Amino acid sequence: MAQLQRTLFTTPVVNTLLRGFSRLAMRLAGWKVEGRLEVEKCVLIAAPHTSNWDLPLTLMTAYLLDLRLHWLGKHTIFKFPFGGLMRWLGGIAVHRHQKNNLVADSARALREFEGKVQLIVPPEGTRDKVTQWKSGFYWIAVEAGVPIQLAYMDYAHKRAGLGPLFHPSGNYEQDLPLIQAFYKPFTGRHANKT
């Protein structure tokens, strides 16, 4: 994983303009943003993830909650001509079919980053319906020594935001049902995929 770099959230002037745009766009679309960030660094779960529309809504929500997001995304969306834009939006390319040290590299980047940063990891790993979450988000948090921020996007009720912090115990099998229980009431854009 590359070092965390400058994004739209840390670009002066653009940051101010996009915050205002996000506030207006979310209000006009009828979305309500809830919660607040309580820690400087965390792994942030983005669920349910069922649509490409999740990214722009997540970015606008992040502006309204004063987050400094980086997110993991499939490497194919980082190809020319959009690669630079995706990285500026906070994206970090992931080659899902390659053996690499993504968890260790992500945890190290979080530990070493100075200042406020949240790493978004969609636990489904895809926009398609899945029966089992990928565990990377959990182990990144454990190795980085940071909590997991439970974040949500509920298309059925047009609300997005931050739920409680979850402090992983290191026992994934025990903690996962507790985390997933939080997401039961939320519906993705494509309800048949949640």
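Calculation notes
- Residues numbered from 1 in each chain as written.
- Predicted model: local features only at pLDDT ≥ 70, side-chain atom pairs only at ≥ 80, totals over all residues.
- Heavy atoms only, no water.
- Buried < 20%, exposed > 50% of the residue type's maximum accessible area, 1.4 Å probe, protein only.
- Helix = DSSP H or I, 4+ residues; strand = E, 2+ residues; numbered from the N terminus.
- Pairing = 2+ DSSP bridges.
- Patch = residues over 30% accessible without salt bridge, like charges linked within 9 Å, V, L, I, M, F, W, Y side chains within 5 Å.
- Areas by Shrake-Rupley, 256 points an atom, 1.4 Å probe, with all protein chains shown as cover.
- Salt bridge = Lys/Arg side-chain N within 4 Å of Asp/Glu carboxyl O.
- Core = buried A, V, L, I, M, F, W, Y, C linked by side-chain atoms within 4.5 Å.

Engineer: How should the pairing of strand 2 (residues 41-47) be read in this particular structure?
Structural biologist: If a strand is regular, its side chains alternate between the two faces of the sheet. Counting buried residues along strand 2, seven of its seven residues qualify, which places the element largely inside the surrounding structure. Residues Lys41, Val43, Ile45 and Ala47 line one face of strand 2 and the alternating positions Cys42, Leu44 and Ala46 line the opposite face, and both faces are buried. Two strands pair when backbone bridges link them, and strand 2 and strand 5 (residues 117-121) are joined in this way by five bridges, in the parallel orientation. If you follow Val43 over to strand 5, its bridge partner there is Leu119. Across five bridges, strand 2 lies against strand 6 (residues 148-154) in parallel orientation. Looking at strand 6, one finds that Leu44 is bridged to Gln149.

Engineer: Quick question: what am I supposed to make of a nonpolar patch on the surface here?
Structural biologist: Together, Phe82, Leu85 and Trp88 make up an exposed nonpolar region whose accessible area comes to about 280 Å². Residue position: Trp88 is located in helix 3 (residues 83-88).

Engineer: Explain the nonpolar core here, please?
Structural biologist: Generally speaking, nonpolar side chains in soluble globular proteins are found buried as a group. In terms of nonpolar packing, the biggest core is built from 27 residues, with Ile45, Trp133, Phe137, Ile148, Ile179 and Tyr183 touching the most fellow members. When contributions to this core are tallied by element, the ones reaching two or more residues are strand 2, strand 4 (91-94), helix 4 (102-112), strand 5, helix 5 (136-144), strand 6 and helix 6 (172-183). A per-element tally of this core places helix 5 first, with five residues. If you look at the next biggest cluster of nonpolar residues, it comprises 19 residues, including Leu65, Leu69, Leu89 and Ile120.

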